[in-house]
Amino acid sequence: MPSVTRRSQSTRARRRDDVRDRLLAVVERQLGSGESYTELSVERLVSEAGISRSTFYVYFEDKGDLLRAWFTEVEAELDSAARDWWGLDLSSRREDLHSALDRVVKAYRPHTTLMAAMYDAAAYDAGVRALVETMMGANIAGLRKHIRVGQRDGFIDPDLPAQQTAQWLTWMAERGLHQLVRTAGDAELERLIDAYTAIVWNTLYAPARR
């Protein structure tokens, strides 16, 4: 017989997910019309989502907590996409890099608006800022390890400083995803992925193949 406690927890989780999704839909709509996350009040969010202020605070401490709850669910998806790139090896070709970066960009694309909200909130919310810093630190570390493995195995330019190259490429990609991918149509997105592939290929891999 199912536990009453387990059933109650499951119902609460579903209710929380429903409330979160309704609130995030408001966030995406308002950010899409040009507002910043900083400008959105809890009162406006709950009003447009059709829920009470008290219901908001049952599930979330504040606006930052709403974003943190969302990010913990998409973080694994983004990390999985990045690992396709970091798994490339000596046998990998430019086409393989393109496929890996295509997955990275297209995993990120549906989340560009809410990631913009994360960056807005990180300016004043320590919890959100810690999540962003942890994400970027993990991405830099993953790429740095890939560069060092590639240098050891002979498929990445041995003269590159691994840490600094990983930092530049990671922050460049983050800004590109935020500023370019967010507003790109499908055709432009493909051109952006082609350009991203060319930049990374010529920076990391091409010099080791000359």
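Refer to the structure printed above.
Our subject in this report is the structure included herewith. The numbering scheme is per chain: residues are counted from 1 as the chain's sequence reads. Given that the model is predicted, a residue must reach a pLDDT of at least 70 before its local features are reported, and side-chain atom pairs must reach 80 or more before they are shown or counted; all residues, however, enter totals for whole chains, interfaces and linings. To obtain the side-chain values, all non-hydrogen atoms of the structure were included, while hydrogens and water were left out.

1. Topic: the overall build of the chain
So, step 1. Helix and strand counts for the chain stand at 9 helices and 0 strands.
So, step 2. Seen through its principal axes, the chain has C-alpha atoms that stretch 65 × 50 × 30 Å.
So, step 3. Here's how the labels work: a residue is buried when its accessible area is under 20% of the maximum for its type, exposed when over 50%, partly exposed in between, all with a 1.4 Å probe on protein chains only. Counting across all 210 residues of the chain, residues that qualify as buried make up 44%.
So, step 4. Across the chain, contacts joining residues at least 24 apart in sequence account for 66% of those joining residues at least 6 apart.
So, step 5. To be clear on the numbers: accessible area is Shrake-Rupley with a 1.4 Å probe, and residue cover counts the displayed protein chains and nothing else. For the chain, the accessible area works out to roughly 11,000 Å², and carbon and sulfur atoms hold 51% of it. Numbering of helices and strands runs from the N terminus; a helix is a DSSP stretch of H or I covering at least four residues, while a strand is a stretch of E covering at least two. The contact rule is simple, with two residues in contact once any of their heavy atoms fall within 4.5 Å.

2. Let's talk about the packing of aromatic side chains
So, step 1. Between rings of Phe, Tyr and Trp, where Trp is taken as its six-membered ring, a pair exists when centres lie within 6.5 Å; planes separated by under 30 degrees are stacked, by over 60 edge-to-face, and by other angles tilted. Going through the model one piece at a time under the given rule, you end up with 7 aromatic pairs.
So, step 2. Between the aromatic rings of Phe155 and Tyr205, the centroid separation amounts to 6.3 Å while the plane-to-plane angle is 5°, which identifies the pairing as stacked. A residue pair is termed long-range when its members are at least 10 positions apart, and Phe155 in the loop between helix H7 (126-153) and helix H8 (162-179) and Tyr205 in helix H9 (residues 186-205) qualify at 50 residues.
So, step 3. We classify Phe155 as buried; its relative accessible area is 2%.

3. Remarks on the packing of helix H6 (residues 112-122) against H8
So, step 1. The N-to-C vectors of H6 and H8 enclose an angle of 120°; their axes lie 9 Å apart at closest approach. Of the possible angle classes, the one that applies to H6 and H8 is oblique. Along the contact surface, H6 presents Thr112, Met115, Ala116 and Tyr119, while H8 presents Glu174, Arg175, Leu177 and His178. Here an axis means a line fitted to C-alpha atoms, over the contact stretch when the element is a helix, while the angle between two N-to-C directions is reported on a 0 to 180 degree scale. Roughly parallel means an angle under 35 degrees; roughly antiparallel, over 145; roughly perpendicular, 65 to 115; everything else is oblique.

4. What about the side chain of Thr113?
So, step 1. The topology assignment puts Thr113 in helix H6.
So, step 2. Owing to a relative accessible area of 17%, Thr113 belongs among the buried residues under this scheme.

5. Some remarks on the nonpolar core
So, step 1. What we call a nonpolar core is a set of buried Ala, Val, Leu, Ile, Met, Phe, Trp, Tyr and Cys residues that are connected through their side-chain atoms within 4.5 Å. If you look at the biggest cluster of nonpolar residues, it comprises 68 residues, and the most contacted ones within it are Leu23, Trp85, Met118, Leu204 and Tyr205.
So, step 2. The element contributing the most residues to this core is helix H4 (residues 63-86), with 11 residues.
So, step 3. Discounting residues that sit within four places of it in the chain, Leu23 has contacts with Leu45, Val46, Ala49, Ile51, Phe56, Phe60 and Leu66.

6. Side note on the packing of helix H5 (residues 94-108) against H9
So, step 1. Interaxial distance between H5 and H9 falls to 9 Å at its minimum, and their mutual angle equals 125°. In terms of their interaxial angle, H5 and H9 are classed as oblique. In terms of crossing hand, the pair formed by H5 and H9 is right-handed. The segment H5 lies against H9, with Arg94, Leu97, His98, Leu101, Asp102, Val105 and Lys106 engaging Leu189, Glu190, Ile193, Asp194, Tyr196, Thr197, Ala198, Val200, Trp201 and Tyr205.
So, step 2. For this classification, the nonpolar set comprises Ala, Val, Leu, Ile, Met, Phe, Trp, Tyr, Cys and Pro, the charged set comprises Asp, Glu, Lys and Arg, and every other residue, Gly included, is treated as polar. For the contact of H5 with H9, the per-class residue count stands at 10 nonpolar, 2 polar and 5 charged. Each helix crossing is assigned a hand: it is left-handed if the near helix lies turned anticlockwise from the far helix by less than a right angle, otherwise right-handed if that turn is clockwise.

7. Observations concerning the pattern of salt bridges
So, step 1. Whenever a carboxyl oxygen of Asp or Glu lies within 4 Å of a side-chain nitrogen of Lys or Arg, that contact is scored as a salt bridge. One pass over the full model with this rule turns up 19 salt bridges.
So, step 2. For Arg44, the salt bridge goes to Glu48, with nearest N and O atoms at 3.1 Å. Remark: Glu48 and Arg44 occur in helix H2 (residues 42-49); sequence separation between them is 4 residues, near one turn of the helix.
So, step 3. Across the pair Glu190 and Lys106 runs a salt bridge, and its minimum N-O distance is 2.9 Å.

8. Some thoughts on H6
So, step 1. Extensive coverage of H6 is indicated by the burial of 10 of its 11 residues.
So, step 2. Every buried residue belonging to H6 is among Thr112, Thr113, Leu114, Met115, Ala116, Ala117, Met118, Tyr119, Ala121 and Ala122, and all of these are buried.

9. Description of the environment of Gln167
So, step 1. For Gln167, the position within the fold is in helix H8.
So, step 2. Considering only alpha carbons, one finds Gln167 and Met136, 31 residues apart in sequence, at a separation of 9.0 Å.

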